Amino acid sequence: MESGESEESTESAGSVEPAGLAESTEGRAVVYRQTLDRNGRIKRAAKALGICWLLAVVSLPVLFFHFFLVPGFLLLGPVMFAIQVREENIVLGAMVACPACGSETRLKGGGEEWPIQLRCSDCSADLELSRA
Ligand SMILES: [Zn+2]
């Protein structure tokens, strides 16, 4: 019995382990999760803060909307920082095959929260990935 499985390897800092997932009729995908150490968490959170504040600066010249965009992004930065600095595990991006039409949809990486909901980019089927 041979099942032609190929091992994907992901190289990055911290430990990356596959969190096999399934449960959408017959769909099955392998999603990698990464455990971040303290420095990794701070780095990731600081990046989110930086992006929010950059967006605040970029929205300065947007007439009228800058009244909410600028303070909005300025406040969102520290909120994102506080959320992300606590996330010890993150899910890395993956391609998920749709059980309905077979086309692949990109799963964006981010905070780990199961089940993961996504929508097929081809047939718009709702996919729910639960941890196996
Ligand atoms: Zn589909």
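Residues numbered from 1 in each chain as written. Predicted model: local features only at pLDDT ≥ 70, side-chain atom pairs only at ≥ 80, totals over all residues.

Asker: Please explain the packing of helix α1 (residues 38-58) against helix α2 (residues 66-84) as it appears in this structure.
Answerer: For any two helices packed against each other, the geometry is given by the interaxial angle and the distance between the axes. Close contact between α1 and α2 brings their axes to 8 Å; oriented N to C, the two are set at 175 degrees. It follows from the interaxial angle that α1 and α2 lie roughly antiparallel. Counting all contacts with α1, which are made through Arg 41, Arg 44, Ala 45, Ala 46, Ala 48, Leu 49, Cys 52, Trp 53, Leu 55 and Ala 56, the residues of α2 involved are Val 70, Phe 73, Leu 74, Leu 76, Gly 77, Pro 78, Met 80, Phe 81 and Gln 84. For the contact of α1 with α2, a count of residues per class yields 15 nonpolar, two polar and two charged. (Axes fitted to C-alpha atoms, helices over the stretch in contact; angles between N-to-C directions. Helix = DSSP H or I, 4+ residues; strand = E, 2+ residues; numbered from the N terminus. Parallel < 35°, antiparallel > 145°, perpendicular 65-115°, else oblique. Contact = placed C-beta atoms within 7 Å. Nonpolar A, V, L, I, M, F, W, Y, C, P; charged D, E, K, R; others polar.)

Asker: Sorry, what's going on with the pairing of strand β8 (residues 126-131) here?
Answerer: Within a regular strand, the side chains alternate between the two sheet faces. As defined by bridge partners, strand β7 (residues 116-119) adjoins β8 across four bridges and the pair is classed as antiparallel. Across the sheet, the residue bridging to Arg 119 is Asp 126, located in β8. (Pairing = 2+ DSSP bridges.)

Asker: Teacher, can you tell me more about the nonpolar core here?
Answerer: As a rule of thumb, soluble globular proteins bury nonpolar side chains together. Judged by nonpolar contacts, Ala 29, Val 31, Leu 36, Ile 90, Val 91, Ala 94, Val 96, Cys 98, Ile 116, Cys 120, Leu 127 and Leu 129 together constitute the single largest core of 12 residues. Mapped onto this core, the elements with two or more residues apiece are β2 (29-35), β3 (89-91), β4 (94-97) and β8. With near-sequence residues (within four places) excluded, Ile 116 lies in contact with Leu 107 and Leu 129. (Core = buried A, V, L, I, M, F, W, Y, C linked by C-beta atoms within 7 Å. Buried ≥ 20, exposed ≤ 12 C-beta atoms within 10 Å, placed from the backbone.)

Asker: Just to check I follow, could you spell out the pairing of β4 for this structure?
Answerer: In β4, alternate side chains face the same way, and those of Ala 94 and Val 96 are buried while those of Met 95 and Ala 97 on the opposite face are not. Inspection of the sheet shows β4 paired to strand β5 (residues 104-107) by four bridges, in the antiparallel sense. Pairing of Ala 94 across the sheet is with Leu 107, part of β5. The turn joining β4 and β5, which pair antiparallel and follow one another in sequence, is formed by six residues; a positive phi near 85 degrees is taken by Gly 102.

Asker: Got a minute to help me understand the environment of Phe 73 in this structure?
Answerer: Counting through the fold element by element, Phe 73 comes out in helix α2. On the neighbour-count criterion, Phe 73 (19 C-beta atoms within 10 Å) is partly exposed. In contact with Phe 73, not counting residues within four places along its chain, are Cys 52, Trp 53, Leu 55, Ala 56 and Ser 59.

Asker: Please clarify how unusual backbone geometry should be interpreted in this entry.
Answerer: Excluding glycine, residues mostly carry a negative phi; peptide bonds, for their part, are mostly trans. The step from Trp 114 to Pro 115 runs through a cis peptide bond, and the omega angle for that step is -5 degrees. When you line up the elements, Pro 115 lands in the loop between β6 (110-111) and β7. We note that Phe 64 has phi near 65 degrees; this positive angle belongs to a residue other than glycine. Structurally, Phe 64 can be placed in the loop between α1 and α2.

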